[in-house]
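Structural features, examined
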Amino acid sequence: MKKIGIFCSASENIDKMYFDSARQIGEWMGKAGKTLIYGGANLGLMECVARAVKENGGTVIGVIPAKLEENGGKVIGVVPTKLEENGRVSSLLDEVIHTRNLSDRKDVITEKSEILVALPGGVGTLDEIFHVIAAASIGYHQKKVIFYNEYGFYNELLAALKTLEDKGFARQSF
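In this report, we go over the structure that sits alongside the text. (Residues numbered from 1 in each chain as written. Predicted model: local features only at pLDDT ≥ 70, side-chain atom pairs only at ≥ 80, totals over all residues. Heavy atoms only, no water.)

1. Quick notes on the overall build of the protein
Rules: Secondary structure counts use DSSP, requiring at least four H or I residues in a row for a helix and at least two E residues in a row for a strand, with both numbered from the N terminus. Relative accessible area decides the class of each residue, using a 1.4 Å probe on protein chains only: under 20% of the type maximum gives buried, over 50% gives exposed, and in between gives partly exposed. Note on definitions: a residue-residue contact is assigned when non-hydrogen atoms from the two residues lie within 4.5 Å. Computed by Shrake-Rupley with a 1.4 Å probe, the accessible areas treat only the displayed protein chains as cover when residues are assessed.
In terms of helices and strands, the protein carries 6 helices and 8 strands. The linear arrangement of helices and strands in the protein, starting from the amino end, is β-α-β-α-β-β-β-α-β-α-β-α-β-α. In the protein, buried positions account for 41% of the 174 residues. Across the protein, contacts joining residues at least 24 apart in sequence account for 72% of those joining residues at least 6 apart. Entry remark: accessible area of the protein is about 9,400 Å², with carbon and sulfur atoms responsible for 51%.

2. With respect to the state of the cysteines
Operational definition: In this description, a disulfide is simply a cysteine sulfur pair whose atoms lie within 2.5 Å.
Taken as a whole and assessed by the stated rule, the structure comprises 0 disulfides. Among the cysteines around Cys48, which has no disulfide bond, Cys8 carries the closest sulfur, lying 8.5 Å off. Accessibility expressed as a relative area gives 12% for Cys48, which makes it buried.

3. Digging into the packing of aromatic side chains
Note the following rule: Any two of the Phe, Tyr and Trp rings considered here, Trp counted by its six-membered ring, make a pair once their centres fall within 6.5 Å; the pair's planes then place it as stacked at under 30 degrees, edge-to-face at over 60, or tilted in between.
Scanning all chains against the criterion turns up 4 aromatic pairs. Taken together, a centroid distance of 6.0 Å and an interplanar angle of 90° make the contact between Tyr18 and Tyr151 edge-to-face. Taken together, the positions of Tyr18 in helix α1 (residues 16-31) and Tyr151 in the loop between β8 (145-147) and α6 (155-166) put the pair 133 residues apart, joining distant regions of the chain. For Tyr151, a relative accessible area of 44% puts it in the partly exposed group. For the pair Tyr18 and Phe153, a centre-to-centre distance of 5.6 Å together with 75° between the ring planes defines the contact as edge-to-face.

4. Observations regarding helix α4 (residues 102-112)
Inclusion rule: Under the rule applied, a polar contact is a pair of N or O atoms within 3.5 Å (in protein, one hydrogen donor and one hydrogen acceptor; residues adjacent in sequence only if both atoms are side-chain atoms).
Among the residues making up α4, those that are buried are Arg105, Lys106, Val108, Ile109 and Thr110. On its buried face, α4 is in contact with β1 (3-7), β2 (35-38), β3 (59-65), β6 (95-99), β7 (115-118) and α5 (123-137). Its side-chain oxygen 3.0 Å from the backbone nitrogen of Ser103, Asn101 forms the N-cap of α4.

5. A few points about the sheet that holds β2
Here is the rule we go by: Two strands qualify as a pair provided that DSSP identifies no fewer than 2 bridges between them. Here, axes are lines fitted to C-alpha atoms. For helices the fit covers the stretch in contact, and angles between N-to-C directions go from 0 to 180 degrees.
Spatial strand order, β6-β3-β2-β1-β7-β8: 6 strands in an open sheet with parallel pairing. Pairing within the sheet leaves two strands with one partner each, and these edge strands are β6 and β8. Ignoring which end each strand starts from, the neighbouring axes of this sheet average 25° apart. Where β3 meets β6, 5 bridges bridge the pair, whose relative direction is parallel. Paired with Ile61 across the strands is Glu95, a residue of β6.

This is how it looks when you write it as structure tokens:
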């Protein structure tokens, strides 16, 4: 398990304890020679974990959604998105992978990662992790998904997933 995909918050307006947790997992990844594959933004927990990975010797790959300029169905170039236009792409990236949109970004992170981790995050993080879980449930991959549940952040969500299992709405246990 060398390549770890992480989904997490890009918000700066969250409790410091979540930054401490992101820094700890990033430090472990860097010291263990792991590769972080994530959304590539220089904001919130995303930048925090990337900085910790990089400062501790790991590799950082950012998967950036970009608009592709098309001419009669033929792609002719990459048009910067707001993330890029506003200088929100991390400067810590060892590699940048451009994708057509957010959906493609989720697929690329999943494809290139050996395991996926959900740190605390908002609707975007939930969208990403549920995309991965749904793909696994119908056989697109067999990768493990970890909810990094420090401070009980995901307690209610994990309880809801257990309810899905108990009532027969899940094809397999989570």
